[in-house]
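Listed below are the residues making up each chain.
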Amino acid sequence: MGMTGQRYSGELNGPVEQRRSGVGWVLAGLRLAAVSAVIGAALAALVVGVILKDVPVLATGGGVLALLVLLAFIGGRRGAGRDAPPARRTALARIEDLRATGGETADVPVTFRLTVAPEPEDERPAYRVKISQSINLVDIPAYRPRGIAVVEYHPEKPWDVRIVTRPTPEWSRRAEEAEIDSAPESTLVRDPDGGTGAWCLLVLVGLLAGAALVVLSFRGELFASGDAGGSAAKESSSSSAADSSSASRTFSTSTTVSGPSSSLLTFGRMRVTAMELEARVDSAYVTSLRIEDHRMAVRGDSARPLAETVHLPSLPYELLPGLVREARATLGVREAESWRIDVTPGGGAGVGPRVRVTVSGTEGTAHLDADVTGRITDRRAVGVS
């Protein structure tokens, strides 16, 4: 059954159909952009209404969204009530080209370029299509370029084509006898859903355009609301600062240890005593710490920045007795009658607390300075000014 005379009025009708299809896609795109813009405007109206506490704007945005949901629901019900789409139809197709794209399993993905020749009652000219279908390895030799295959296609979706691997005897006989001319490349049809990214971009642009239109319409009120909020925030901040200033407090406390091994030079005694003072003043940050043989005292100001305070838990109490021994032995005081450790904040940001150990005896008074790591930074022996 020759088919060389296949309806090549398609070459004349093809451009007309393409123009109709193009107009349809333009109209669909405009409709999608318009609906997206309305949705974006409605959502923006909801947000603007909440910010401005404007009930009419809020009600308008909510009403439009509710209307769109209702229309979508009605459209879905109407679509469900329509007749079922036409069943797939069987036709013959010329294999222009084929290429296997894999081979790890028994069913191999094969890309086909076909010329589909619909049946005369379909009143559609032959057209080209590109499809991908898995074919069993055993059946691949049956498909070759310029060969004829039996296919099924969807009349309303001509790109939806599937090769029938087990056709009926009647269609097998027709395929063996048929001759189909190649359709021009201009008749190639593609799945419009392949451009999903463009549709998504169109939806995004529509949403942003609708939202921008609403926001720009209320820009004066929105900016005025923002300025008022900023002023209120400044006033609140000033009020908080005033409250904080009025609530700031200075404190000082001391404790004296007694009993066996009561000297604060005993290992661990300094840290325990410091933690007791911290609990008593309810603050770990102080402005000065003084340690003597049997006494420890702290002073503090809650309004002082943290950089200008001493953090009690982080001080190296275990290193301080060694600094006292060093001062007694190296600063010219042979018989030290008393010693004192003063810890004060550093001189600036990033500078740790300063530790000064002072020893006194019959020879006079001397001191040494160290950093928070116990490293000695300066010595002043007896008689050195």
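For the structure, check the block above.
Not measured: the values here are computed from a predicted model. (Residues numbered from 1 in each chain as written. Predicted model: local features only at pLDDT ≥ 70, side-chain atom pairs only at ≥ 80, totals over all residues. Heavy atoms only, no water.)

Our next topic: the overall build of the chain. Each helix and strand counted, the chain has seven helices and 16 strands in total. Across the chain, every contact between residues at least 6 apart in sequence was considered, and the portion connecting residues at least 24 apart equals 64%. (Helix = DSSP H or I, 4+ residues; strand = E, 2+ residues; numbered from the N terminus. Contact = heavy atoms within 4.5 Å.)

In this structure, M270, L289, I291 and I341 are the most contacted members of the largest nonpolar core, which totals 31 residues. In contact with I291, other than residues within four places in its own chain, are L264, M270, M296, L320, W339, R340 and I341. Grouped together as the second largest cluster of nonpolar side chains are 19 residues, A91, I95, F112 and V116 included. (Core = buried A, V, L, I, M, F, W, Y, C linked by side-chain atoms within 4.5 Å. Buried < 20%, exposed > 50% of the residue type's maximum accessible area, 1.4 Å probe, protein only.)

Ring pairs (aromatic) are described by centroid distance and by the angle formed between their planes. Applying the stated criterion across every chain, the model contains one aromatic pair. Their ring planes at 75° and their centres at 6.0 Å tell us that F112 and Y143 sit as a pair that is edge-to-face. A residue pair is termed long-range when its members are at least 10 positions apart, and F112 in strand β3 (residues 107–117) and Y143 in the loop between β4 (127–136) and β5 (148–154) qualify at 31 residues. Owing to a relative accessible area of 12%, Y143 belongs among the buried residues under this scheme. The residue whose ring lies beneath R124 is Y127, and the NZ or CZ to ring-centre distance is 4.8 Å. The aromatic ring of W171 is capped on one face by R174, whose charged end is 4.1 Å from the ring centroid. (Phe/Tyr/Trp six-rings, centres within 6.5 Å; stacked < 30°, edge-to-face > 60°. Lys NZ or Arg CZ within 6 Å of the ring centre and 35° of its normal.)

Turning next to the pairing of strand β15 (residues 364–370). Counted residue by residue, β15 has five buried out of seven residues, so it is predominantly covered. Sheet topology places strand β14 (residues 354–361) next to β15; seven bridges connect them, and they run antiparallel. The partner of S360 across the bridge, within β15, is T365. Bridge analysis of β15 against strand β16 (residues 376–380) gives four bridges, and the strand direction is antiparallel. Each residue of the ladder has a partner; that of D369, found in β16, is D378. (Pairing = 2+ DSSP bridges.)

Bringing the sheet that holds β16 into the picture now. One open sheet accounts for seven strands, arranged β8-β11-β10-β13-β14-β15-β16; its pairing is antiparallel. Each edge of the open sheet carries a strand with a single partner, namely β8 (250–256) and β16. Here the strands of the sheet are splayed against their neighbours by 15° on average, with no regard to which way each runs. Summarising the sheet, strand β13 (residues 336–344) and β14 pair through eight bridges and their orientation is antiparallel. Note that in β14 the partner of T344 across the bridge is R354. This element, helix α6 (residues 269–281), spans β8, β10 (288–292), β11 (295–301) and β13 of the sheet and lies at about 140° to β8. Lying on the sheet, helix α7 (residues 320–330) is in contact with β10, β13, β14, β15 and β16; it crosses β14 at an angle near 40°. (Axes fitted to C-alpha atoms, helices over the stretch in contact; angles between N-to-C directions.)

The set of residues buried in α7 consists of L320, P321, L323, V324 and A327. The arc that holds the buried residues of α7, viewed along the axis, is 160°, so those residues lie on one side. Turned more than 90 degrees away from the buried face of α7, the exposed residues are R325 and A329. Next to the buried residues of α7 lie α6, β10, β13, β14, β15 and β16. Remark: G332 follows α7 within two positions and exhibits a positive phi of approximately 85°. (Arc of directions from axis to C-beta.)

Right, let's get into the environment of G63. Topologically, G63 is positioned in helix α2 (residues 55–81). Separated by 17 residues in the primary sequence, G63 and L46 place their C-alpha atoms 9.8 Å from one another.

This part covers a nonpolar patch on the surface. Taken together, the side chains of L67, L70, L71, F73 and I74 make up a nonpolar region of the molecular surface, amounting to roughly 490 Å² of accessible area. For I74, the position within the fold is in helix α2. Take I74: its relative accessible area is 41%, and that puts it in the partly exposed class. (Patch = residues over 30% accessible without salt bridge, like charges linked within 9 Å, V, L, I, M, F, W, Y side chains within 5 Å. Areas by Shrake-Rupley, 256 points an atom, 1.4 Å probe, with all protein chains shown as cover. Salt bridge = Lys/Arg side-chain N within 4 Å of Asp/Glu carboxyl O.)

Turning our attention to the side chain of D342. The residue D342 is located in strand β13 in this model. Classification of D342 by relative accessible area gives buried; the value is 16%. Within polar-contact distance, the side chain of D342 engages the side chain of R290 at 2.7 Å. At a separation of 2.9 Å, a polar atom in the side chain of D342 contacts the side chain of R340. Discounting residues that sit within four places of it in the chain, D342 has contacts with L289, R290, R354, V355 and R356. (Polar contact = N/O pair within 3.5 Å; in protein donor to acceptor, adjacent residues only side chain to side chain.)

Our next topic: the pattern of salt bridges. Applying the stated criterion across every chain, the model contains 20 salt bridges. Here E96 and R128 are joined by a salt bridge, their closest N and O atoms 3.8 Å apart. Highlighted residues: E96 in strand β2 (residues 89–100) and R128 in strand β4, separated in sequence by 32 residues. Each member of the pair, E96 as well as R128, is classed as buried. Measuring nitrogen to oxygen at the nearest pair gives 2.9 Å for the salt bridge that ties E318 to R271. One end of the pair, E318, is in the loop between β12 (310–311) and α7; the other, R271, is in helix α6, and 47 residues separate them in sequence. Since its relative accessible area comes to 26%, R271 is described here as partly exposed.

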